[in-house]
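# Examination of the molecular architecture
What follows is the residue order along each chain.
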Amino acid sequence: MPTLKDQGLICCDNFIDGNWVSSTQSIRITSPATGGTVAEVADGTREQAELGVEAAHRSFPNWSRTSAKERSSVLRRWHDLILDNVEDLAALMTWEQGKPIAESLTEIKYGAGFIEYYAEEAKRVFGATIPTIAPERRLQTYKQAVGVVGAITPWNFPNAMITRKAAPALAAGCTIVIKPDPATPLSALALCELAHRAGLPSGVLNVVAGSDSQGIGEVLTQHPKIAKFTFTGSTAIGKLLMKQCASTVKKISLELGGNAPFIVFEDADLEEAASHCIATKFRNCGQTCVCTNRIYVQESIEEAFTQKLREGIRSLKVADGFTADTDIGPMINEQAIAKMEQLITDAVAKGAELVLGGARHELGSLFFQPTLLRSVDDTMDLVTGEIFGPIAAVQTFTSENEVIDKANATDYGLAAYFFSRDVGRVMRVAEALECGIVCSNSGVFSTEVAPFGGWKQSGIGSEGGTEGIADFLETKFHSMGGIDR
Ligand code: SIN
């Protein structure tokens, strides 16, 4: 069990209706770096998820009728408390998730950014006055909170994927029941503790962390008192949850898988392109849905670019997330490691050249060597699917049109990156790529002020920015008669 400055942030029960609720069973939370036990957390049940929904439903009328300014103040206090405790929250995250402590600190601040942003947006939810069509009538629209929200959040960003959903939901006047991933519930429960200290009324935010993903998932997608469902995770699970939501026609937002292309044109600044490519490929050990997946390099510069990648990747430090200057921590579990082995075996069997890495790291079972492959082609599993791990896979292209076709030849459409110094090309390629987020001459784009969302099978809806709160609001049209009698 980690020692924090504020031990009160280690919460091991579920948070329902403003109370900490234990269970008869517990989930053992282990450190991916050491395999050691971090904590035993109450294994929330389907019944507890139902209690959470009832609490959220009871608290909805009051919370949705508070003024936007009041909701904003509570959110602001929550944000401030998170920043006051940033080191403890980051430590908890590195314990349970494994990411380097510098990345955990960044995530906590990124996560808090959503709360700050939506505390401000709460006050800027506007309806409209529509020019009338008759003298005795007036036409208006209102924006109203959609109702109780059910949310399922992933292990790769145990804090920010919660605040990115909860902050706009609460700002809009919704109440929420969240199921965090059972691998990383401590970050979610610490957020509840701080929300409670910030004065969020009972029942407005509920967290049920449980290993019964199917049972709790069914409650959050099928309960008639839930109006809106939001999920971040894989496309396969997203499709299943979407089907479950159909029975009660819930509003849905889905942030699903990606297969991000990273395109390097021959006119690019190769030094910059290589360093951003490494940053976006190896962030969180390659375990994000916007990580670079397919690296396309124009034929004439492949040798030079791959050489730069090789040098950069070779210098990445693999270590426990608490060790200073760690670049790459452990993967989340054994299945993730086994998947890397399978992808590499498949690629090499089909003709890829292994340049660096390719095997488990000497540090232990959940550490994997950062890997570089070249001569990759479209038949390989790591091109057709999401890698979700520390493997950089380079292939070549000859022309702009060819690489756009290749980049778009996927069912996914979340993020895409490209490097070019030709401004005309920057515009053409940005417009042509089929994805929700396009990032030119940089590998960094995450921010609370802009929309994050996928096209095609990468999702529905957007989180962040003004779009992020719109997804938790319903539009009501009021046609008022009898005005000019
Ligand atoms: C994700 O991978 O889903 C989140 C990444 C980010 O917000 O930067």
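Below is a short write-up of the structure. (Residues numbered from 1 in each chain as written. Predicted model: local features only at pLDDT ≥ 70, side-chain atom pairs only at ≥ 80, totals over all residues. Heavy atoms only, no water.)

Relative placement of two packed helices is described by the angle separating their axes and the distance separating the axes. It is at 8 Å that the axes of helix α3 (residues 86-97) and helix α4 (residues 101-121) come closest, and there the two elements cross at 125°. In terms of orientation, α3 and α4 fall into the oblique class. α4 is crossed by α3, and the crossing has right-handed handedness. Listed contacts from α4 to Val 86, Glu 87, Leu 89, Ala 90, Ala 91, Met 93 and Thr 94 of α3 are Ile 101, Ser 104, Leu 105, Glu 107, Ile 108 and Lys 109. (Axes fitted to C-alpha atoms, helices over the stretch in contact; angles between N-to-C directions. Helix = DSSP H or I, 4+ residues; strand = E, 2+ residues; numbered from the N terminus. Parallel < 35°, antiparallel > 145°, perpendicular 65-115°, else oblique. Left-handed = near helix turned anticlockwise from the far one by under 90°. Contact = heavy atoms within 4.5 Å.)

The subject of this paragraph is the pairing of strand β10 (residues 226-232). The element β10 is extensively covered by neighbouring structure, given that six of its seven residues are classed as buried. Here strand β7 (residues 148-152) runs beside β10; their pairing, made up of five bridges, is parallel. Directly across from Val 149, in β10, lies its bridge partner Lys 228. Relative to strand β11 (residues 251-255), β10 is paired through five bridges, and the arrangement is parallel. From the neighbouring strand, Phe 231 faces β11, where its bridge partner is Leu 254. With helix α8 (residues 235-246) bridging β10 and its parallel neighbour β11, the resulting β-α-β unit is right-handed. (Buried < 20%, exposed > 50% of the residue type's maximum accessible area, 1.4 Å probe, protein only. Pairing = 2+ DSSP bridges. Right-handed = clockwise from strand over helix to strand, strands pointing away.)

Bringing the site of the ligand into the picture now. Around the ligand, the structure places Tyr 110, Phe 157, Met 161, Arg 164, Arg 283, Thr 288, Cys 289, Val 290, Ser 446 and Phe 452. The separation between an oxygen atom of the ligand and a polar side-chain atom of Tyr 110 is 2.6 Å. Within the side chain of Arg 283, one N or O atom sits 2.8 Å away from an oxygen atom of the ligand. A class-by-class count of the residues in the shell around the ligand yields six nonpolar, two polar and two charged. (Near = heavy atom within 4 Å. Polar contact = N/O pair within 3.5 Å; in protein donor to acceptor, adjacent residues only side chain to side chain. Nonpolar A, V, L, I, M, F, W, Y, C, P; charged D, E, K, R; others polar.)

All right, on to the sheet that holds strand β6 (residues 138-145) then. As summarised here, the arrangement of the three strands in space is β5-β6-β22, forming an open sheet in which the pairing is antiparallel. In this open sheet, the two edge strands, each paired with only one partner strand, are β5 (128-130) and β22 (473-480). The mean inter-strand angle of the sheet, taken between neighbouring strand axes irrespective of direction, is 25°. With three bridges joining them, β5 and β6 adopt antiparallel strand pairing. Bridged to Thr 129 within β6 is Gln 140.

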